[in-house]
Amino acid sequence: MNETHTHTQTPFFADKQEKLAEILSRYPADGRRSALMPLLWEVQREERYVSEERMRELAEIVGTTATEVKGVMSFYSTYHDQPVGTFHIQVCSTLSCALAGSDELFDFLSNELGIVNGETTADGRFSLQKVECVGSCGTAPVVQVNDTYYERVGRGRCRHLVDALRQGELPPVWRERGGDTVGAAKAEPVKQPTDRGEG
Amino acid sequence: MSDQVATAAKPAPILSRHDPRYEVTMYRYVGVEGAHTLDFYRSHGGYEAARKALTSMTPAQVIDEVKASGLRGRGGAGFPTGVKWSFMAPPDGKPRYLVCNADESEPGSFKDRYIMEDDPHQLVEGMIIGAYAMQMTFGFLYVRGEYYLGTTRMEAAIAEARAAGLLGKNILGSDFSFDITVHRGAGAYICGEETALMNSLEGLRANPRLKPPFPAAAGMYGRPTTINNVTSLTSSVHIINRGAAWFASMGTDDSKGTKLYQISGPVARTGVYEMPMGATFRELIYDFAGGPTMEPKAFIPGGSSTPMFPWEDRFLDMPMDYGTLAKNGSMLGTGGVIVIPRDKCIVDALYNLVRFYAHESCGKCTPCREGVGHWLPRMYQKLVSGLGRPEDVALLESVASNIKGNAFCPLADACIGPVQASLKWFRDEYEYLAANGKSKYAKNDWWQA
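Counting of residues starts from 1 at the beginning of each chain's written sequence and follows it residue by residue. Lettering of chains starts at A and numbering of ligands starts at 1, both following the order in which they are written. For this predicted model, a pLDDT threshold of at least 70 governs which residues receive local features, and a threshold of 80 or more governs which side-chain atom pairs are given and counted, while totals over whole chains, interfaces and linings are taken from all residues. Each side-chain value is derived from all of the structure's non-hydrogen atoms; neither hydrogens nor water enter the calculation.

Peer 1: How do you make sense of the overall build of chain A when you look at a structure like this?
Peer 2: Here a helix means four or more residues in a row that DSSP labels H or I, a strand means two or more in a row labelled E, and each is numbered from the N terminus. A tally of helices and strands in chain A yields seven helices and four strands. Helices and strands appear in chain A in the N-to-C order α-α-α-α-β-α-α-β-β-β-α. Counting every position in chain A, which comprises 199 residues, the buried fraction comes to 54%. Residues count as neighbours in contact if any of their non-hydrogen atoms are within 4.5 Å of one another. Long-range pairs, those at least 24 residues apart, make up 58% of the contacts in chain A between residues at least 6 apart in sequence. Here the accessible surface of atoms and residues is derived via Shrake-Rupley with a 1.4 Å probe, and residues count as covered only by protein chains that are part of the display. Element-wise, carbon and sulfur atoms account for 48% of the exposed surface of chain A, whose accessible area totals about 9,000 Å². Only protein chains enter the calculation, and the probe is 1.4 Å; a residue is then buried if its accessible area is under 20% of its type maximum, exposed if over 50%, and partly exposed in between.

Peer 1: For this particular structure, what's the right way to read the packing of aromatic side chains?
Peer 2: Geometrically, a pair of aromatic rings is defined through the distance of the ring centres and the angle of the planes. Residue and element names in this part refer to chain B. Stacked, tilted and edge-to-face pairs are distinguished by plane angle, under 30 degrees for stacked and over 60 for edge-to-face with tilted covering the rest, among Phe, Tyr and Trp rings (Trp via its six-membered ring) whose centres lie within 6.5 Å. Tallied over the full model, the rule gives 30 aromatic pairs over all chains. A centroid spacing of 5.8 Å and a plane angle of 45° characterise the contact between Phe79 and Phe87, whose relative ring orientation is tilted. Residue Phe79 is classed as partly exposed on the basis of its relative accessible area, which comes to 39%. Ring geometry for Phe138 against Phe140: centres 5.3 Å apart, planes inclined by 65°, an arrangement best described as edge-to-face. Since its relative accessible area comes to 21%, Phe138 is described here as partly exposed. With a relative accessible area of 0%, Phe140 lands in the buried category. One aromatic cluster is present, built from ring pairs that chain together Phe281, Tyr286, Phe299, Phe309, Trp311, Phe315 and Trp425. Seen from the ring of Tyr147, Arg144 lies directly overhead, with NZ or CZ sitting 5.4 Å from the centre. Cation placement over rings: the criterion is NZ of Lys or CZ of Arg within 6 Å of the ring centroid and within 35° of the ring normal. Across the ring face of Phe408, the terminal group of Lys364 is positioned such that the distance to the ring centre comes to 4.7 Å.

Peer 1: Explanation requested: the pattern of salt bridges in the structure shown.
Peer 2: A side chain of one charge can pair with a side chain of the opposite charge if their charged atoms are brought near each other. Think of a salt bridge as a Lys or Arg side-chain nitrogen and an Asp or Glu carboxyl oxygen that are within 4 Å of each other. Evaluated as defined, the whole model comprises 48 salt bridges over all chains. In this structure, Lys211 of chain B and Glu193 of chain B form a salt bridge, with 3.8 Å as the shortest nitrogen-oxygen distance. Note that Lys211 of chain B is positioned in the loop between α8 (194-201) and β4 (225-229) and Glu193 of chain B in the loop between β3 (180-184) and α8, a separation of 18 residues in sequence. Salt bridges linked by common partners bring Glu112, Arg159, Asp163 and Arg166 of chain A together as one network.

Peer 1: What's the story with the environment of Asn146 of chain A in this structure? I'm lost.
Peer 2: Residues and elements named next belong to chain A. Along the chain, Asn146 turns up in the loop between β3 (143-145) and β4 (148-150). For Asn146 and Ile61, which are 85 residues apart along the polypeptide, the C-alpha to C-alpha distance reads 27 Å. Two N or O atoms form a polar contact when they lie within 3.5 Å of each other; inside protein one atom must be a possible hydrogen donor and the other a possible acceptor, and for residues adjacent in sequence the pair counts only when both atoms belong to side chains. One polar contact links Asn146 to Arg48, side chain to side chain, over a distance of 3.4 Å.

Peer 1: Please explain the interface of chain A and chain B as it appears in this structure.
Peer 2: How large an interface is tends to be reported as the accessible area lost when its parts come together. Tallying the contact residues gives 74 residues for chain A and 84 residues for chain B. Buried area, as used here, totals the accessible surface that two parts lose on assembly, with accessibility defined by a 1.4 Å probe and the loss added over both. Of the roughly 6,200 Å² buried between chain A and chain B, counting both surfaces, carbon and sulfur atoms make up 53%. The largest per-residue losses of area from chain A upon contact with chain B belong to Phe75, Leu95 and Leu99 of chain A, which jointly make up 12% of the total buried on that side. There are six salt bridges connecting chain A and chain B. One salt bridge connects Lys443 of chain B with Glu104 of chain A, and the closest N-O pair in it is separated by 3.4 Å.

Peer 1: When you look at the sheet that holds β4 of chain A in this model, what are you seeing that I'm missing?
Peer 2: Across a sheet, strands are paired by hydrogen bonds formed along the backbone, either parallel or antiparallel in direction. All names here are of chain A. In this analysis, strands are considered paired if DSSP registers two or more bridges between them. The mixed open sheet is built from four strands, whose spatial order is β2-β1-β3-β4. Looking at which strands have only one partner, the edges of the open sheet turn out to be β2 (126-131) and β4. Between one strand axis and the next, the sheet turns through 25° on average, direction left out of account. Across three bridges, β3 lies against β4 in antiparallel orientation. Considered in β4, the bridge of Val143 is made with Tyr150. The axes used here are C-alpha line fits, helices contributing only the stretch in contact, and every angle between their N-to-C directions lies in the interval 0 to 180 degrees. With respect to the sheet, helix α7 (residues 155-166) is in contact with β1 (87-92), β2, β3 and β4, its orientation differing from that of β3 by roughly 10°.

Peer 1: I'm lost on the domain arrangement of chain B in this one. Help?
Peer 2: Residue and element names in this part refer to chain B. Each domain's extent was defined by an automatic or database domain assignment. According to the domain assignment, chain B consists of domain 1 (13-248), domain 2 (258-341) and domain 3 (346-436). At the junction of the two partners, domain 1 supplies 12 residues and domain 3 supplies 10 residues. Of the roughly 880 Å² buried where domain 1 meets domain 3, counting both sides, 73% is carbon and sulfur surface. Area buried by domain 1 at its contact with domain 3 is led by Tyr189, Ile190 and Pro208, which between them contribute 54% of it. Between domain 1 and domain 3 we count zero salt bridges in total. Counting every contact that joins domain 1 to domain 3 gives two residue pairs in polar contact (both at pLDDT 80 or more). Grouping the constituent residues of the side of domain 1 that touches domain 3 by class yields seven nonpolar, two polar and three charged. Asp, Glu, Lys and Arg are counted as charged, while Ala, Val, Leu, Ile, Met, Phe, Trp, Tyr, Cys and Pro are counted as nonpolar; the rest, among them Gly, fall into the polar class.

Peer 1: What is the right way to read helix α2 (residues 48-56) of chain B from this model?
Peer 2: Because each turn of an α-helix spans 3.6 residues, side chains separated by three or four positions end up pointing in the same direction. Residues and elements named next belong to chain B. Among the residues of α2, those classed as buried are Ala49, Ala50, Ala53 and Leu54. Buried residues of α2, seen end-on, are gathered within an arc of 120° and therefore sit on one face of the element. Buried residues along α2 sit against α3 (59-69), α6 (120-134) and α9 (230-242). Taken from the helix axis, the directions to the C-beta atoms give the arc we talk about.

Peer 1: Please explain the confidence of the model for chain A as it appears in this structure.
Peer 2: Reading fine detail from the predicted coordinates is not recommended where pLDDT is low. As a per-residue measure, pLDDT reflects the predictor's confidence and takes values from 0 up to 100. Looking at chain A as a whole, the pLDDT averages 89, with 86% of positions reaching at least 70. Considering only residues more than four positions removed or in separate chains, one finds that residues 1-5 of chain A, a stretch of pLDDT under 50, has eight contacts.

Peer 1: Help me understand the environment of Gly154 of chain A in this model?
Peer 2: When you line up the elements, Gly154 of chain A lands in the loop between β4 and α7. Residue classification places Gly154 of chain A among the buried positions, given a relative accessible area of 11%. Note: C-alpha distance between Gly154 of chain A and Ala59 of chain A (95 residues apart in sequence) is 44 Å. With residues near it in sequence (within four places) discarded, Gly154 of chain A still touches Trp447, Gln448 and Ala449 of chain B.

Okay, structure coming up:
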């Protein structure tokens, strides 16, 4: 870690007392520690990672130690103890996506951005990460950029996505659900019953 | 249900979506523009089941109705939901919690996601019904961290419901009060295991807890707790609306009702399909998903943890129910079917899954931490990269059988089942690869334009 330790940093929630109170109020009084995960999310969304300084602050808020906070953070895949890029590109690599070309997709992005798994570009704009199943198997392959899913990312869409991100913008999502997800009126068989033995 | 009625008078169960009596219910409004709003939901009959339960049924009657429906837990284990609900001790005036498990992380599963994104009020209503039945004082909805849209839609739906008096104090004018907090996970498959999920909700590392005590005795903060899957709860909405007999009119002897099946891999129309339990894999794969787009050789029946079957008529014609799958050495799981094409090396496919479980092993117990977390992925890596020896296949088999049944929680067995099934059906691919240093099926580029 190459963050600079500034112990004079303003506490994260100093000017967000209302938000802090709201998060704490979601849990019962004897369950204050439950607020740890949402507090980590809150910090990370704004600062793109959670520094050791912030870990100490959160520990104090929920009544535990910074080591415990780090222990919780490191258990989960999506909390970062180092800053990620402006665009954190996560490529699902589990079976259904792999069957739809996620390995090739990942290699394409890696070549395009000049970084390998887990790295961030020198200008801090892009991070690239292989992740495990994100629940988009029916619309594989899927690329998650920050909190947004881009689904059925074929070669053309991947090119388009990279170009848009280079311009500094998240392109609009193309929402694809496949299957039945077209409303009941259309949710009827696409084919008459199969004869047994066909196929 | 009236078992006394002569069997001759009893109509045949609905076992296929082609049956004209079958109606899509849970997934009816998914994909419909604007369906996630309270206005839409209420104008399409929403919250009528909650009203019926809260104003005209006792909690015990709600539990009895769900028991009579035959609904079994949709998260994978298939435990009867009504029976689970009846395990809760009578209220003692202290807090008791309903937790909805929306940490949908099993590869091949994506049904809960679309319910939360497109029909979040259905889940809110299901939680109200479950909470009323068990007289819960508070609810938690644990959504996996990646489902950002689903999380925001659920939060918005809960806020709308609260503003409309559907959550909070004296819901719908009854004396029942209940509210829900959405808790966002942060990427950990193990949180699908209910005791790990509770640790995560308490702000701890999500290691599973020893059972007993079971959650109904000591769960969240040591208080009585019940954890239900998203679609177990949404099923209860329609059971209350239409009655247990309606739900039980669908399905096979041990598996009742309607269920969301998912299909992915190389088929024409991947996605979620709602079908009556007892419909066959063939009906899902061919009639609804349009059939394979590449020559298939195997399918995973219910999410990555469920042992695969080779592509044979006797397996394709199995009804997708709990008992049949168990009898055939697999599990219904989440109902997430993954089709595997002939040209995908089965060892490579399993390496992909083993790597997933290795990544998700929580580290609590030795067989899983070392065996699943380190040994298995390394052995697979060795084979896949062409460095295997013929005796490695037997070694792999021995490691797998030594892990099986010896781990603290089901995660390790969830990895071993698929490994063993692949060895059972496709041992020749393992042996070929170990002997020749290259796969029978060269790696293909399947990335579409």
